[in-house]
Amino acid sequence: MDKTTRIKLREVNEKLDRVLSVIEAALDRELECMGNFPENLQGTERYEKMEDAADNLENAVESINEAKKYLENVME
């Protein structure tokens, strides 16, 4: 792989770090809200939507981390 491509991939990896940071912060806020949700309302549709959002954010974090690993392997 040429130097220019490695530089571009390194930049992409850095951008993924920033995106990951934003998603992790959103996940932390969602989990905090869920933790503060009244117990008697935890079976509601609203709470289920919060759970779905948290699950999707966790999946996004996992996927981005996996993509970063692939990029790192390519740049070795």
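Within every chain, residues take consecutive numbers counted from 1 along the sequence as written. In keeping with the model being predicted, local features are shown solely for residues with a pLDDT of at least 70 and side-chain atom pairs are shown and tallied solely at 80 or more, while totals for entire chains, interfaces and linings include all residues. Hydrogens are left out, water is left out, and the side-chain values use all remaining heavy atoms of the structure.

Caption draft 1: The arrangement of the pattern of salt bridges in detail. Between Lys or Arg on one side and Asp or Glu on the other, a salt bridge is scored when a side-chain nitrogen of the former is within 4 Å of a carboxyl oxygen of the latter. Counted by the stated rule, this structure contains three salt bridges. For Lys68, the salt bridge is made with Asp17, and the minimal N-O distance between the two is 2.6 Å. Residue Lys68 is found in helix α2 (residues 45-75), and its partner Asp17 is found in helix α1 (residues 3-36); the two are separated by 51 residues along the sequence. When a residue's accessible area, from a 1.4 Å probe over protein chains only, is under 20% of the maximum for its type it is buried; when over 50% it is exposed; and in between it is partly exposed. Take Lys68: its relative accessible area is 9%, and that puts it in the buried class. You can call Asp17 partly exposed: its relative accessible area is 38%. Residues joined in a network through salt bridges with shared partners are Asp17, Lys68 and Glu72. Secondary structure elements are defined from DSSP: runs of H or I of at least 4 residues count as helices, runs of E of at least 2 residues count as strands, and each element is numbered from the N terminus.

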